[in-house]
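The chain contents come next:
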Amino acid sequence: MKLVVSPNLSLYSQMYDFAYVGQYSDDVNLAIECVERTGGPLVDYGCATGGRVLLPVLEKGHNVIGVDQNNDMLTVARQRFSDKHLARTTLIRGDFTRTDLPMPAGTATCLLNTIVQAADRSSHRRMLETVFRNLVEGGIFLVGIKNDNLAAYDSKGSKSRERKVVTPYGELTFKASWDVCLSTRIKTYIFTCVLKTHTGAVLEESFRVPTFLVNADEFCLDAQEANFVVESLWGDPKKSPYDAETSLWQMFLLRKN
Ligand SMILES: C[S@@+](CC[C@H](N)C(=O)[O-])C[C@H]1O[C@@H](n2cnc3c(N)ncnc32)[C@H](O)[C@@H]1O
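Residues numbered from 1 in each chain as written. Predicted model: local features only at pLDDT ≥ 70, side-chain atom pairs only at ≥ 80, totals over all residues.

## Side note on unusual backbone geometry
Among all residues save glycine, negative phi is the norm, and among peptide bonds the norm is trans. Backbone torsion omega between Gly 40 and Pro 41 reads -10 degrees, so that peptide bond is classified as cis. Counting through the fold element by element, Pro 41 comes out in the loop between helix H2 (26-38) and strand E1 (42-45). Although it is not a glycine, Asn 113 sits at a positive phi angle of roughly 65 degrees. Topologically, Asn 113 is positioned in the loop between strand E4 (105-110) and helix H6 (121-133). The class of Asn 113 is buried, set by 21 C-beta atoms lying within 10 Å. Residue Lys 239 is not a glycine yet carries a positive backbone phi of 70 degrees. For Lys 239, the location among the structural elements is in the loop between strand E10 (229-234) and strand E11 (249-255). (Helix = DSSP H or I, 4+ residues; strand = E, 2+ residues; numbered from the N terminus. Buried ≥ 20, exposed ≤ 12 C-beta atoms within 10 Å, placed from the backbone.)

The following block contains the structure:
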């Protein structure tokens, strides 16, 4: 089969699965544990191509809903999912802070630091209200946010990272660099995706993603104000105890009841 990168879709959307699927799976296992507890459908907010979260949940037999504002990501999802999977999938293009679902979900997820792309606290509050409204009684909202709460993390830590992946299209390099403004709590990422194809062509794409540094205490307060019960806050998807100084992640398990 000849593999061609489509000029009609962003390079990032076409390469997303090579960069992320299989790289991180602990939070997906946690999502499966939640949907097995509360039932489906599972809605993934910011589902991208669906390859990382939606597909493994479909393979466990649950129906899924994906919400994303990026049409290219949803197009790739529609192209990659089999008809059998598509029949149990609802894909919605929309802003996850305000999109209502066609049916209530048993489990909602917003993983891999996606919620912070709604780059202010009032958007997070609106999203919490939206998710609460669209869950069944007893439903769960699982949120994974990087613990960027420390000034030390950004001032002493690396300000960029790079990863190479071999894909059927050629060698892919994913770069991320970032800057933090502590007064506004905005961390701006620049993501760059470079593909050296087997024919020698080099395709490159860069984009900026502003994010909001989330404080766990504030997020718990906002969740409670949206009527959620904060059932757990872990320091990573393996359920390690949360420590504001050292944990890499803030994994929130919020329950509606
Ligand atoms: C890190 S990626 C996908 C994460 C995916 N849930 C996973 O775990 O692999 C973030 C996705 O969120 C989407 N996104 C960001 N802000 C959004 C918003 N306000 N509404 C809907 N989608 C959004 C982006 O288009 C992107 O596809």
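The structure having been displayed, the exposition proceeds.
## A few points about the nonpolar core
The biggest cluster of nonpolar side chains holds 59 residues, and the ones touching the most others in it are Ala 31, Val 57, Phe 141 and Val 143. There are two domains that each give this core at least three residues, and those are domain 1 (11-148 + 214-256) and domain 2 (151-211). Residues in contact with Ala 31, not counting those within four places in the same chain, are Leu 42, Val 53, Val 57, Thr 107, Thr 109 and Leu 142. (Core = buried A, V, L, I, M, F, W, Y, C linked by C-beta atoms within 7 Å. Domains from an automatic or database assignment. Contact = placed C-beta atoms within 7 Å.)

Function-wise, these values are silent; they only describe arrangement.
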